[in-house]
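So you can see what is in the structure, the chains are spelled out below.
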Amino acid sequence: MSTEFNLDAAFSALADPTRRAILARLASGEATVMELAEPFEITQPAISQHLKVLEQAGLVVRRVEGARRPRRLAKAGIEAMDQWLEMLRKAFEKNYERLDMLLAGMEQNKRGEKQ
Amino acid sequence: MSKMTLKTEGDTHVIVTRRFAAKPEAVYRAHVEPEMIQKWMLGPEGWTMPVCINEARPGGKIRFEWANGKGQGFYLTGEYVELKPYSRIVHVERMHLPDPTPDNHVETRFEVDGTGTLMTVRMTLPDSQTRAAMLATGMEKGMEDSYARLEGML
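Here's what I pulled together on the structure shown here. Model, not experiment: these values are computed from the prediction. (Residues numbered from 1 in each chain as written. Chains lettered and ligands numbered in written order. Predicted model: local features only at pLDDT ≥ 70, side-chain atom pairs only at ≥ 80, totals over all residues. Heavy atoms only, no water.)

Quick look at the overall build of chain B
- Broken down by element type, chain B carries four helices and eight strands.
- Taken from N to C terminus, the helices and strands of chain B fall in the order β-β-α-α-β-β-β-β-β-β-α-α.
- Burial statistics for chain B: of 154 residues in total, 46% are counted as buried.
- A separation of at least 24 residues holds for 35% of the contacts in chain B among residues at least 6 apart in sequence.
- Looking at chain B as shown, the accessible area adds up to about 7,800 Å², and 53% of this sits on carbon and sulfur atoms. (Helix = DSSP H or I, 4+ residues; strand = E, 2+ residues; numbered from the N terminus. Buried < 20%, exposed > 50% of the residue type's maximum accessible area, 1.4 Å probe, protein only. Contact = heavy atoms within 4.5 Å. Areas by Shrake-Rupley, 256 points an atom, 1.4 Å probe, with all protein chains shown as cover.)

This is the structure we're talking about:
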């Protein structure tokens, strides 16, 4: 199975509120399907289906421990998405830094006119 | 200095706030005057906005085209709904990548904040899926820890 991270699949997986809640739960530590199903009013098979989407998106991995299959966040996938977002956030903030400079220039021009 | 905040509200809103060391009039003008928009609304380093059509009146058209000088580019179109100098702008916009994204309904407010301005951008997307896609292509929450950041998006 390819371990290549797919951003589209990751963000598409995040579009569902239950899957976001599952990730939020896993952010505080690994959990089994049964543990994950507890706070939700949906069945374990439904949770399993959501986990499958998250696994295919590279955001969640499973571990084998006897009969248990605890899930945890996939560090590589989360980090890849995080880096992507950080890059975009910087681009966004870059606009406002440019605007800061432009505004500082306007302010100086105005002072220049008054003098 | 971290002056920008970004948060989600409900299923379909994204709220961005940013403080500027200039009066609302100046910040407002930088949002509606094409020759000013072209100087700052550029995204990552290396991109320019060769085309900037911005008819700042109700019903007026918006068209921004970006290029990176390496043959890549994309554009945004939109329409103004309401403008109240120098405190409020309401417009609708969509990106063309080249297929158009769903409409983003944007209200931008400029308020006096000490000697500067507090700008609040409230975006409304048609559904949670569109908002998730938009967070993927535009921004994120400014939290430090990776996992906290992800959790924060939720």
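Still to come is the rest of the account.
Describing the packing of aromatic side chains
Residues and elements named next belong to chain B.
- Scanning the entire structure with this criterion turns up seven aromatic pairs over all chains.
- Geometrically, the ring pair formed by Trp66 and Phe74 is stacked, given 5.1 Å between the ring centres and 25° between the ring planes.
- Feature note: the residues Trp47, Phe64, Trp66 and Phe74 constitute an aromatic cluster, connected by ring pairs.
- Here the guanidinium or amino end of Arg63 rests over the ring plane of Tyr75, the centre of that ring lying 4.2 Å away. (Phe/Tyr/Trp six-rings, centres within 6.5 Å; stacked < 30°, edge-to-face > 60°. Lys NZ or Arg CZ within 6 Å of the ring centre and 35° of its normal.)

Some words on the pattern of salt bridges
- If you walk through the whole model with that rule in mind, you get 17 salt bridges over all chains.
- For A:Glu55, the salt bridge is made with A:Arg62, and the minimal N-O distance between the two is 3.1 Å.
- Its salt-bridge partner being B:Arg63, residue B:Glu65 comes within 2.7 Å of it at the nearest N-O pair.
- Accessibility expressed as a relative area gives 24% for B:Glu65, which makes it partly exposed.
- Here the residues in one salt-bridge network are A:Glu30, A:Arg63, A:Glu65 and A:Arg68, joined through shared partners. (Salt bridge = Lys/Arg side-chain N within 4 Å of Asp/Glu carboxyl O.)

Remarks on the sheet that holds strand S3 (residues 48-54) of chain B
Residue and element names in this part refer to chain B.
- Judged by pairing direction, the sheet is antiparallel, and its eight strands sit side by side in the order S1-S2-S8-S7-S6-S5-S4-S3 without closing on themselves. Of all strands in the sheet, those bounded by a partner on one side alone are strand S1 (4-9) and S3. Neighbour-to-neighbour, the strand axes of the sheet open up by a mean angle of 20°, direction not taken into account.
- Two elements, strand S2 (residues 13-20) and strand S8 (residues 116-124), share eight bridges in a ladder whose sense is antiparallel. Counted as the bridge partner of Phe20 is Thr117 from S8.
- In the packing of helix H1 (residues 24-32) onto the sheet, contacts are made with S2, S3, strand S5 (73-84), strand S6 (88-96), strand S7 (104-113) and S8, and the angle to S7 comes to roughly 155°. (Pairing = 2+ DSSP bridges. Axes fitted to C-alpha atoms, helices over the stretch in contact; angles between N-to-C directions.)

Notes on the environment of A:Tyr96
- Among the secondary structure elements, A:Tyr96 is positioned in helix H5 (residues 75-114).
- Taking relative accessible area as the criterion, A:Tyr96 reaches 6% and is therefore assigned buried.
- Those residues in contact with A:Tyr96 that lie beyond four places of it in its chain are B:Met4, B:Arg18, B:Phe20, B:Trp40, B:Met119 and B:Val121.

Function cannot be read off these values alone, since they describe shape.
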